[in-house]
Amino acid sequence: MCKIIISFGQPLTKEIMEDHRETVEQGCGIGYPLAGLREFGIAQSMTHEGLYEQLGSIPSAPFQLFHSRFRSAGAVDGSNVQPFVRGNYLLAHNGTADRKELAMAAVGRGVSFSHTDSDSRILAALIGTMPVADAVELLRLIDDNFVFADAENQKVYIIGKFAFEENKTGISIARNKWATPEIFLVTDFEGNVVEYVEYKEAPVTYYPARYGGYNQGDFYDADQPTIINGKNCYYDYDLRKYVPEDEYFGLAEGETLDVAAKKNKRKKRHTESHIGY
């Protein structure tokens with residue numbers, strides 16, 4: 001899957017981006033507010049190394065938005081590299097939207113596009129014609145992960161499944177993670193939280209083998225526990241909801257497990273019946 005990182009108050013470094021690097025490189029970029037905060041700049045390359053060479057020329061900014069592409073639709077070329085800047089908007093997308101539906105909507109709004117455009121590129125062009133409230137509602141309707149920034153109102157919208165780190169005043173870093181609860185998070189350009197909504201249910205479309213070449217039942221970073229009401233919880237694909245760790249792993253009172261033991265137990269819980277979720 002594509003990788004997204006937004007970092008508030010600190011520039012993105014090679015180490016941060018390497019920790020969330022796409023397994024197949026098909027273009028990457030960093031978007032950021034320019035001086036005056038009323039428009040966005042962008043640095044892009046087809047490779048991480050090419051992007052790293054540009055880090056020193058990126059001006060200081062309140063936040064930086066990184067995207068590493070894993071192609072699902074559209075040509076592998078510079079035109080489809082994200083993030084996209086459209087007018088006052090900056091957009092990074094992880095997921096796959098229906099290109100035919102987006103194309104029909106684009107035609108209706110007089111937005112031009114090409115058959116080589118990715119779904120994300122068509123979507124960016126489409127929302128570029130919309131008021132910010134309509135753009136946000138459209139992104140919330142699509143069951144994918146987005147970071148969307150509006151320079152006019154100086155707001156950042158983090159939509160979908162993200163894990164984030166907090167500092168004393170707000171959000172520090174957010175990364176897309178498919179096995180976390182879905183969120184709708186609005187911040188200012190400094191990362192101060194304006195609105196936050198968390199949806200406890202994980203999407204039934206999640207299946208580890210579809211992303212990053214993992215085998216069915218693999219235990220990886222995105223399968224780390226989600227804290228709900230102060231308890232470590234895991235998503236149960238049979239019940240289609242989060243359950244406490246002791247219930248998920250069948251632990252006796254006071255019993256604990258190391259990572260290896262959790263991995264073995266987790267593999268047993270993933271069966272062929274989960275394909276297609």
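Structure: see above.
The present account deals with the structure reproduced in this document.

## Brief notes about the environment of Asn 145
Within the element layout of this structure, Asn 145 appears in strand β7 (residues 145–150). The spatial distance from the C-alpha of Asn 145 to the C-alpha of Arg 175 is 10.0 Å, given a sequence separation of 30 residues. At 2.7 Å, the side chain of Asn 145 forms a polar contact with the side chain of Asn 94.

## Let's talk about the packing of aromatic side chains
Think of a pair of aromatic rings as described by two things: how far the centres are apart, and how the planes are tilted against each other in angle. Summed over the entire model, instances satisfying the criterion amount to 9 aromatic pairs. Taken together, the aromatic side chains of Phe 8, Phe 40, Phe 63 and Phe 189 make up a single cluster linked through ring pairs. Lying over the aromatic face of Phe 184, Arg 140 brings its terminal NZ or CZ to 3.6 Å of the ring centre.

## Notes on unusual backbone geometry
Here the residue pair Gln 82 and Pro 83 is connected by a cis peptide bond, since its omega of 0 degrees sits within 30 degrees of zero. Non-glycine residue Leu 37 carries a positive phi angle of around 65 degrees. You can see Leu 37 is positioned in the loop between β2 (28–33) and β3 (40–45). Residue classification places Leu 37 among the partly exposed residues on the basis of a relative accessible area of 21%.

## Some points on the side chain of Ser 68
Within the fold, Ser 68 resides in strand β4 (residues 63–68). There is a polar contact of 3.2 Å between the side chain of Ser 68 and the side chain of His 48.

## What about the nonpolar core?
Membership of the largest hydrophobic core comes to 26 residues, with the highest contact counts inside it found for Leu 123, Ile 127, Phe 148 and Tyr 157. When contributions to this core are tallied by element, the ones reaching two or more residues are β6 (89–94), α3 (99–108), α4 (119–127), α5 (132–141), β7, β8 (155–166) and β10 (182–188). Looking at which element gives the most residues to this core, the answer is α4, with 6 residues. Those residues within four positions of Tyr 157 in sequence are excluded, and the remaining contacts are Val 132, Val 136, Phe 146, Val 147, Phe 148, Phe 184, Leu 185 and Val 186.

## Notes on the pattern of salt bridges
Tallied over the entire structure, the rule returns 1 salt bridge. A salt bridge links Asp 117 to Arg 121, with the nearest nitrogen and oxygen atoms 3.2 Å apart. Overall, the relative accessible area of 24% leaves Arg 121 in the partly exposed class.

What counts and how
- Residue indices follow the written sequence of each chain, beginning from 1 at its first position.
- Predicted model: local features are reported for residues with pLDDT of at least 70 only, side-chain atom pairs are reported and counted for 80 or more only, and whole-chain, interface and lining totals are derived from all residues.
- For side-chain calculations, the full set of non-hydrogen atoms in the structure is used, while hydrogens and water are omitted.
- Only DSSP runs of H or I with at least four residues qualify as helices, and only runs of E with at least two residues qualify as strands; both kinds are numbered from the N terminus onward.
- The definition of a polar contact used here is a pair of N or O atoms within 3.5 Å, where within protein one atom must be able to donate a hydrogen and the other to accept one, and adjacent residues in sequence count solely through side-chain atom pairs.
- The aromatic pairing rule takes the rings of Phe, Tyr and Trp, using the six-membered ring of Trp, and pairs them if the centres are within 6.5 Å, calling planes under 30 degrees apart stacked, those over 60 edge-to-face and the rest tilted.
- By the criterion adopted, a ring carries a charge over it if an Arg CZ or a Lys NZ lies within 6 Å of its centre and within 35 degrees of its normal.
- Three exposure classes are used, based on accessible area relative to the maximum for each residue type with a 1.4 Å probe and protein chains only: buried under 20%, partly exposed in between, and exposed over 50%.
- Only buried residues count toward a nonpolar core, which is a set of Ala, Val, Leu, Ile, Met, Phe, Trp, Tyr and Cys residues joined through side-chain atoms within 4.5 Å.
- Residue contacts are counted whenever heavy atoms from the two residues lie within 4.5 Å of one another.
- Note on definitions: salt bridges are taken to be side-chain nitrogens of Lys or Arg within 4 Å of carboxyl oxygens of Asp or Glu.

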